[in-house]
Number of protein chains: 2
Amino acid sequence: MGITKTEIFTDQQNQIATFAKVFGHPARVAILQHLFKINACICGDLVEEIGLAQPTISQHLKELKTLGLIKGAIEGTSICYCIDKDNWTKMKSVMMQFLDQDISKESCC
Amino acid sequence: MGITKTEIFTDQQNQIATFAKVFGHPARVAILQHLFKINACICGDLVEEIGLAQPTISQHLKELKTLGLIKGAIEGTSICYCIDKDNWTKMKSVMMQFLDQDISKESCC
DNA sequence: TATATTCATTGCAATATTACGATGAATAAA
DNA sequence: TTTATTCATCGTAATATTGCAATGAATATA
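Residues numbered from 1 in each chain as written. Chains lettered and ligands numbered in written order. Predicted model: local features only at pLDDT ≥ 70, side-chain atom pairs only at ≥ 80, totals over all residues. Heavy atoms only, no water.

> Would you take a moment to explain helix α2 (residues 26-38) of chain B for this structure?
Residues that lie three or four places apart on an α-helix share one face, since the helix turns once every 3.6 residues. Residues and elements named next belong to chain B. Over its 13 residues, α2 runs 18 Å from end to end, which matches the ideal 18 Å to within 8%, given 1.5 Å per residue. Across the 13 residues of α2, 11 count as buried, placing the element largely inside the fold. Within α2 the residues assigned to the buried category are Pro26, Ala27, Arg28, Val29, Ala30, Ile31, Leu32, Gln33, His34, Leu35 and Phe36. (Helix = DSSP H or I, 4+ residues; strand = E, 2+ residues; numbered from the N terminus. Expected span 1.5 Å × (residues − 1). Buried < 20%, exposed > 50% of the residue type's maximum accessible area, 1.4 Å probe, protein only.)

Next up, the structure:
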């Protein structure tokens, strides 16, 4: 793909890009929305709810977990996933700051 | 890559993913931040500011323009880019709604 | 007219992502 | 112990993305 030159950007810019990237797939958006709605969920439910194969859902869950946005608790044979509220709040703060830049000035065009 | 099955997701989920995807690269984050800071900018300035080759910057600008987040006005030999405030506001509203989901309930884990 | 400047487009090489089947690991139930 | 269930991991095919050199198009300047 051509390596992204992360070293020429600030930590903040890389962090925003990393969070945004994980939201850049509708399956992960749908997973997060479902977790917010149901509050907790096992992988099998998501497979049924979303309509993708189990390995695919499992991979998306892994990416969300790697970033720390969700966490999983073993519950018998299943694993119960839910939003990691602390990390979600931190992420939200970073993203909001980016989205909410001052837009008041006059445009050139 | 394996085609993303956009048809199994809602319009809102696809829209969030599309916006997030464009923020999923630090170069585009940096371009947008610079446009906000300077309020308007020509391609050559961004090449110098960001430190990527001109065709690369040009391609990132194209993606941002395709999504409607920036617009360009011809100014002599140059093209002056700036944030499209109306579309930025609309995008912000969609993204905020996603980021700001109710987090108050008790977690399972 | 000839040259310089500025930005877009094309084409390519390198690499990342998406999705799934197959398989593995772990626990629960018969 | 055997079987079923649930989820993770591996491997692979298809496709998308990143970055750049080369080139093209348009205007400004000598």
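> What is the right way to look at the packing of helix α1 (residues 11-22) of chain A against helix α5 (residues 85-99) of chain A in this model?
Two quantities define a packed helix pair, namely the angle between the axes and the distance from one axis to the other. Residues and elements named next belong to chain A. Between α1 and α5, whose axes approach to 10 Å, the crossing angle comes to 110 degrees. Between α1 and α5, the angle falls in the class roughly perpendicular. Between α1 and α5, the residues in contact are Gln12, Gln15, Ile16, Phe19 and Ala20 and Met91, Val94, Met95, Gln97 and Phe98, respectively. (Axes fitted to C-alpha atoms, helices over the stretch in contact; angles between N-to-C directions. Parallel < 35°, antiparallel > 145°, perpendicular 65-115°, else oblique. Contact = heavy atoms within 4.5 Å.)

> Can you help me understand the interface of chain A and chain B in this one?
Quite often, the size of an interface is put as the accessible area lost when its parts meet. Every contact between the two is made by 52 residues of chain A and, on the other side, 52 residues of chain B. Of the roughly 4600 Å² buried where chain A meets chain B, counting both sides, 66% is carbon and sulfur surface. For the pair chain A and chain B, the interface holds two salt bridges. Where Lys92 of chain A meets Asp100 of chain B, a salt bridge forms, and the shortest distance between an N and an O atom there is 2.8 Å. (Buried area = accessible area lost by both parts, 1.4 Å probe. Salt bridge = Lys/Arg side-chain N within 4 Å of Asp/Glu carboxyl O.)

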